[in-house]
Amino acid sequence: MADRPTACLVLADGTIFYGKGFGATGEVVAELVFNTAMTGYQEIMTDPSYASQVVTFTFPHIGNTGITTEDDEAPEPVAAGMIVKWDPTEPSNWRAMGDLPDWLAKGGRIGMGGVDSRRLTRAIRLQGAPHVVLAHDPDGNFDVAGMVARARDWKGLVGLDLAKDVSCRQSYQWRQGTWEWGEGFGETADEHGHAPFKVVALDYGAKRNILRSLAEQGADVTVLPASATAEEVLAHQPDGVFLSNGPGDPAATGAYAVPMIRELLDRDMPIFGICLGHQMLALALGAKTVKMNHGHHGANHPVKDVESGRVMITSMNHGFAVDSQSLPVGVVETHVSLFDGSNCGIRVDGKPVFSVQHHPEASPGPQDSLYLFRRFADAMQVRRDAQAG
Ligand SMILES: NC(=O)CC[C@H](N)C(=O)O
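All figures in this text were calculated on a predicted structure; none of them were measured in a lab.

As far as domains go, the protein holds domain 1 (7–153) and domain 2 (163–388). Residue-level contacts link 20 residues of domain 1 with 22 residues of domain 2. Put simply, the parts of the chain that give the side of domain 1 that touches domain 2 at least two residues each are β3 (26–35) and α3 (117–127). The element best represented in the side of domain 1 that touches domain 2 is β3, accounting for three residues. Of the residues belonging to the side of domain 1 that touches domain 2, the class tally is nine nonpolar, six polar and five charged.

Next up on the list: the pairing of strand β11 (residues 197–203). Counting buried residues in β11 gives six out of seven residues, a clear majority hidden from the surface. One ladder, built from seven bridges, connects β11 with strand β12 (residues 219–225); its direction is parallel. Bridge pairing in β12 places Phe-197 opposite Ala-219. You can see the chain leave β11, run along helix α6 (residues 208–216) and come back into β12, and the turn it takes is right-handed. Here four bridges tie β11 to strand β13 (residues 240–243), and the two strands are oriented parallel to one another. Looking at the pairing, Val-199 lines up with Gly-240 of β13.

Parameters at a glance
Residues numbered from 1 in each chain as written. Predicted model: local features only at pLDDT ≥ 70, side-chain atom pairs only at ≥ 80, totals over all residues. Domains from an automatic or database assignment. Contact = placed C-beta atoms within 7 Å. Helix = DSSP H or I, 4+ residues; strand = E, 2+ residues; numbered from the N terminus. Nonpolar A, V, L, I, M, F, W, Y, C, P; charged D, E, K, R; others polar. Buried ≥ 20, exposed ≤ 12 C-beta atoms within 10 Å, placed from the backbone. Pairing = 2+ DSSP bridges. Right-handed = clockwise from strand over helix to strand, strands pointing away.

Here is the structure:
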């Protein structure tokens, strides 16, 4: 690089990468992961499950579709920073409302271009997701020794509870449906012939598209903060409870979310969890979660539905996994990752309680794309019918 580098990434083992900074200036300490998706950088950067993680994009062409408010999964970027091979290109898309570097700067997130992202990805695979410090300084002054020390001192994601930080502070209603070509977001929701269900969604860092997928099934969704008690959940008299995705170590929510879910399990209540929600449900059922080497982060992750034998291409973002060996009797593994055989879904025998690690709206193809959300709606209908007598 002829110009003086304006960004610097330091791994805890002392490896240093220099590049060109964009977005916000300053410094951040985080875990480094790589994401292999070819599209969706804005959705990735605004996915609250990426809190305290810097994302390396293995796909080099980033920035080309600009930024579109409709694509936000949260009001602001949540991932701690982004690393790309090429400097972001000018937006060239009819939906673009702004460009990536400006948006990152406004959201206080650091970007770094001009990095050999293959080499970096190899380092992540070999070391396991490393602890890093990422800095952007237009004058190119970096205290590299201090950065290495700060990366080494960082305790990491194991044991770190971030769900309560990204959760909403107050409850609210969610009524927006999914996006349709030429129509935008639907108002919701009763196109599927169900009476509107009352769903309580626990927000551990929920992505908007997951709430939209619930609304699309005829659910009137009340979103409650992560700290909500079982009593508060049940006070809404829900037909079913949804446990959202979210950042951090699932086992670190043991002081509030896991015992709350355990209380709900004692009720005859359909429960559906996704991502962090899947992991916490498994913990509440008595299973264990483990930290993965470098996790699953991308949009082409093959998952096998164990019951039908069908393989789906899914969108994934997780660094922890449910340990299949630890599932108690009566808890059945329903989905496994074909990348490394890890658990991606469970259900409880004889109960409408189930969860998946991936995002089911991205799973089995357009004609069938909301199948798990539909299964949740069907379970709520069965419960309603039973209550009606
Ligand atoms: N997408 C998610 O909800 C991520 C769950 C959890 N924080 C993990 O890294 O495994």
